[in-house]
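Structural overview
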Amino acid sequence: MRYALIAILALLALLIIAPPLLGTGWQYALINALIAALFAAAFNLLVGQGGMLSFGHAAYFGVGAFTVIHLMQSVEYGDIPFPTVLLPLAGAAVSLLCGALAGFFATMRSGVYFALVTLALAELLHSLAPHWDEMFGGEAGLSSMRMPSLGFTFGSTLEVYYLTLSWVVICIGLLYAYTRTPFGRLTLALRDNEQRIRFMGFNAHGTKIVVFAISAMFSGVAGSLMAISNETANYSVFSTQVSALVVLHTFVGGSTIFFGPIVGACVLSLFTFVVSGVTHSWMLYQGIIFVLVMLFAPKGIGGVIQAHIEQRHALPWKRLAAPYALATLAGLMVACATVFVVQSLEIVLSREYAAAVARTGEYAPYTVFAREWQVFHPFTWLFPVLLLVPGLYLLRRAFARIQTLWDKDDDDDGDIAAAPRELMEGGH
Amino acid sequence: MDTVMQPDVLVIDDLQKHFGGLEIMRGVDLTIKQGERHALVGPNGAGKSTLFNLISGEHRPSGGRIYLRGQRISGLKPEQISRRGLTRSFQITNVFSRMSAFENIRIGVMARHGIRFNLYRRIKPMRAINDEAHALLQQVRLDHRADNLASDLTYSEQRALEIGMTLATGAEVILLDEPTAGMSRDETAYMVELIRQVTEGKTLMMVEHDMSVVFGLCDRISVLVYGRILATGTPEEIRSNQEVQSAYLGEEEEH
């Protein structure tokens, strides 16, 4: 517990100190990562803690964004004086109301039907928004300007970053505090067994509405921050991609752990920022990561970290060091092979390359990993195989070894090793 | 039996239930007295679980009335009935599997204290709630398992937890649906003793197939056959009842 606190404080210090040293590109990427983290944490209140999988959480994110844009416009035209720093409060309030209303209907059903109702409600907004100019600004959307408040001009990305950081830290703190309240415990009981809480005297429907509304409220804060950062919002914030992305972040991070979705959102947002600048295939890589996590570590990145923390005293770290290093090396080999093939295909199958071939009549060499490759040279195609085959073999060996070491020191509690066991099934 | 002198706690009057054209309850009349342990027995398909579902509010009756201490409860929702002091356990183990044994009980204690939408206090310093949950855990003899996940408990421990959760809500009338189902002889004896202890001073109604449990634990027995009460009486009366013999008990011995 003490270490966790130190780790969080250290991370916070880093988030405060580092950004001025970075360029605006990275500052902007960090703003987006923080917003994604808050959105995922809010979403996970519903999914991980309440046991209700929503496929339409973009609705509440978007409602928060549009509320703030409207308010910003009013401030800009001098209609209402409203401090910029408190704008997310308005987004939170409106999203809370919308969440309560939508939640009332959606939570009448559970499971697939619940998911479909949430999806339908978000799609309703998504198809309505482009045709409703006054409210959503049509297809172009609405724009506004950040007004100075409390001595800050909010002209620079850095100031927006600190505003975002403050709101995200406060909201994630509140979401964590939520789990420590009686209602937070009831939320977990609801997830485990709705029937039972009814027979214990709790109003299950009422409980679900409150959980839904609070989740929507914090999603609305995330949407508000997005609107403040972009100074614009259009109907695409209601799109299925937004709803799907938060599901992706949450499950890659691990929905069973409070900090899992936050980790997942940060890692994937920054991954996207870095990789999308380099290759068009970034979505493919994101998809590969998602599939691999779901197959080999269903509890997500957070689950893997948690299993290690829980077992830290029982694990033979010294003996694990070698297989972990080997697994990392082998993983890198497999990753290199995959990236090489994907990038080669991306280049060779591109329209530009085809045009060049048609023009010159020959297959020019192309560059991957800072080296030139000939399309029809055998080594070009032997190279990934030489990495992939030994890589997979070593990965398998390393994981088998790690598995043995984990099992050996798994003394009394069989459940804890479940995550790593699932993680390692790929090796067999 | 001094229970005969006690006031009626639960009165069931001409209770009917049909699912489509299928009649399950065909006019059940039954009176449970304050403080008694009442067993409901009967062959499979007699409607015992349906009767429990009707009393506890899972299903709405098609006809007839149910009164708890003179107040009508038929037609109310499960949570409303639970708040009026009647709680049930389930035939299939029905706990919060991903929460600790202690937390399972604590949710019940929260219900008893009416803590339903409390979002502004931490639960850890709530002494009364936590102490009460610990005491109940001790009562069902699971205090050594407090921090284990409910899903990690053994089957009989889960059943004991189930009873603890039912008690935690502070119910005066407790319905137990086959509390010893699937248990070994030793586990059954243990469970019977546990039920006897923890339901002291409360009113108990239970569905049970094990006749030794029924005869050993209960003050009165009702025999339900095809949606009607065939007979109600003390264990001696039921044992010697000819109709019951032929309809149910005799049938059991042939197996």
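Residues numbered from 1 in each chain as written. Chains lettered and ligands numbered in written order. Predicted model: local features only at pLDDT ≥ 70, side-chain atom pairs only at ≥ 80, totals over all residues. Heavy atoms only, no water.

A count of helical and extended segments in chain A gives 18 helices and four strands. A compact globule built from 428 residues should have a C-alpha radius of gyration of about 22 Å, and chain A, at 24 Å, falls within 12% of that. Its C-alpha atoms give chain A principal-axis dimensions of about 70 × 65 × 45 Å. If you take every contact in chain A between residues at least 6 apart in sequence, the share linking residues at least 24 apart comes to 76%. As presented, chain A carries roughly 20,300 Å² of accessible surface, and 70% of it is formed by carbon and sulfur atoms. Positive and negative side-chain charges in chain A, numbering 21 and 24 respectively, have mean positions lying 12 Å apart. (Helix = DSSP H or I, 4+ residues; strand = E, 2+ residues; numbered from the N terminus. Rg over C-alpha atoms; globule rule 2.2 N^0.38 Å. Contact = heavy atoms within 4.5 Å. Areas by Shrake-Rupley, 256 points an atom, 1.4 Å probe, with all protein chains shown as cover. Lys, Arg positive; Asp, Glu negative; His and termini not counted. Charge placed at Lys NZ, Arg CZ, Asp CG, Glu CD.)

Here we come to the interface of chain A and chain B. How big an interface is tends to be stated in terms of the accessible area lost upon association of its parts. Each side of the interface is counted separately: chain A has 27 residues, and chain B has 38 residues. For the pairing of chain A and chain B, the buried interface totals around 2,900 Å² over both sides, and the portion due to carbon and sulfur atoms is 61%. When the area that chain A buries against chain B is broken down by residue, the three leading residues are Arg-196, Phe-199 and Met-200 of chain A, summing to 27%. Joining chain A to chain B, the criterion identifies three salt bridges. Here Glu-162 of chain B ties to Arg-196 of chain A by a salt bridge, and the two come within 3.0 Å at their closest N and O atoms. For the side of chain A that touches chain B, the secondary structure elements donating two or more residues are helix 8 (182-192), helix 9 (194-199) and helix 10 (204-230) of chain A. A per-class count over the side of chain A that touches chain B returns 12 nonpolar, seven polar and eight charged. (Buried area = accessible area lost by both parts, 1.4 Å probe. Salt bridge = Lys/Arg side-chain N within 4 Å of Asp/Glu carboxyl O. Nonpolar A, V, L, I, M, F, W, Y, C, P; charged D, E, K, R; others polar.)

We now examine the sheet that holds strand 10 (residues 228-233) of chain B. Residue and element names in this part refer to chain B. If you walk across this open sheet you meet the six strands as 6-7-8-3-9-10, and the pairing is mixed. In this open sheet, the two strands that pair with only one neighbour each are strand 6 (86-88) and strand 10. Pairwise comparison of adjacent strand axes, ignoring direction, gives a mean angle of 20 degrees for this sheet. Taken strand by strand, helix 1 (residues 48-56) contacts strand 3 (37-41), strand 6, strand 7 (173-177), strand 8 (203-207) and strand 9 (220-225), and its axis lies near 145 degrees from that of strand 8. (Pairing = 2+ DSSP bridges. Axes fitted to C-alpha atoms, helices over the stretch in contact; angles between N-to-C directions.)

Okay, the pattern of salt bridges next. Residues and elements named next belong to chain B. For the coordinates displayed, the defined rule picks out 15 salt bridges over all chains. Residue Arg-127 is joined to Asp-131 by a salt bridge in which the shortest nitrogen-to-oxygen separation is 3.4 Å. In this pair, Arg-127 and Asp-131 both sit in helix 4 (residues 127-139), four residues apart, roughly one turn of the helix. Under the relative-accessibility criterion, Arg-127 is labelled exposed at 61%. Overall, the relative accessible area of 40% leaves Asp-131 in the partly exposed class. (Buried < 20%, exposed > 50% of the residue type's maximum accessible area, 1.4 Å probe, protein only.)

Residues and elements named next belong to chain B. Spatial strand order, 2-1-4-5: four strands in an open sheet with antiparallel pairing. Strand pairing shows two members of the sheet lacking a second neighbour, strand 2 (22-33) and strand 5 (71-72), which therefore form its edges. Pairing analysis gives two bridges linking strand 4 (residues 63-68) to strand 5, with the strands arranged antiparallel. When the bridges of strand 5 are listed, Leu-68 appears paired with Gln-71. Across the sheet, helix 1 touches strand 1 (8-19), strand 2 and strand 4, and the angle it forms with strand 1 is around 115 degrees.

Below, the discussion takes up the packing of aromatic side chains. One pass over the full model with this rule turns up 24 aromatic pairs over all chains. For the pair Phe-258 of chain A and Phe-259 of chain A, a centre-to-centre distance of 5.0 Å together with 85 degrees between the ring planes defines the contact as edge-to-face. A relative accessible area of 15% means that Phe-258 of chain A is categorised as buried. One aromatic cluster in this structure is built from Phe-340, Phe-369, Trp-373, Phe-379 and Phe-383 of chain A. The aromatic ring of Phe-199 of chain A is capped on one face by Arg-88 of chain B, whose charged end is 5.6 Å from the ring centroid. The ring of Phe-215 of chain B has Arg-239 of chain B sitting right over it, with the charged end atom 4.1 Å from the ring centre. (Phe/Tyr/Trp six-rings, centres within 6.5 Å; stacked < 30°, edge-to-face > 60°. Lys NZ or Arg CZ within 6 Å of the ring centre and 35° of its normal.)

Take the side chain of Thr-87 of chain B next. Of note, Thr-87 of chain B is situated in strand 6. Look at Thr-87 of chain B and you get buried, because its relative accessible area is 1%. Residues in contact with Thr-87 of chain B, not counting those within four places in the same chain, are Phe-199 of chain A together with Ser-82, Thr-166, Thr-169, Ala-171, Val-173, Ile-174 and Leu-175 of chain B.

Before going further, it helps to examine helix 2 (residues 24-49) of chain A. Residues and elements named next belong to chain A. Look at helix 2: 36 Å from first C-alpha to last across 26 residues, which is about the 38 Å you get at 1.5 Å a residue. Maximum bend of helix 2: about 35 degrees, positioned at Phe-43. Of the residues trailing helix 2, Gly-51 is marked for its positive phi of about 70 degrees. (Expected span 1.5 Å × (residues − 1). Bend = angle between axes of the 7 residues up to and from the residue.)

Moving on: the packing of helix 3 (residues 58-76) of chain A against helix 4 (residues 87-106) of chain A. All names here are of chain A. Where helix 3 contacts helix 4, the two axes come as close as 8 Å, and the packing angle between them is 140 degrees. Put simply, helix 3 runs oblique to helix 4. Crossing angle aside, the handedness with which helix 3 passes helix 4 is right-handed. In this structure, helix 3 contributes Tyr-60, Val-63, Gly-64, Thr-67, Val-68, Leu-71 and Met-72 to the contact, and helix 4 contributes Leu-87, Ala-90, Gly-91, Val-94, Ser-95, Cys-98, Gly-99 and Ala-102. (Parallel < 35°, antiparallel > 145°, perpendicular 65-115°, else oblique. Left-handed = near helix turned anticlockwise from the far one by under 90°.)

Domain boundaries in chain A define domain 1 (2-297) and domain 2 (311-427). Between the C-alpha centres of domain 1 of chain A and domain 2 of chain A the distance comes to 33 Å. (Domains from an automatic or database assignment.)

You can see Ile-197 of chain A is positioned in helix 9. When its relative accessible area of 0% is taken as the criterion, Ile-197 of chain A is described as buried. Non-local contacts of Ile-197 of chain A, meaning those with residues more than four positions away in its chain, are made with Leu-186, Ala-189, Leu-190, Phe-202 and Ala-204 of chain A together with Phe-96 of chain B.

Its 17 residues place the ends of helix 5 (residues 112-128) of chain A 24 Å apart at the C-alpha level, agreeing with the 24 Å of an ideal helix rising 1.5 Å per residue. On its buried face, helix 5 of chain A sits against helix 2, helix 3, helix 4 and helix 10 of chain A.

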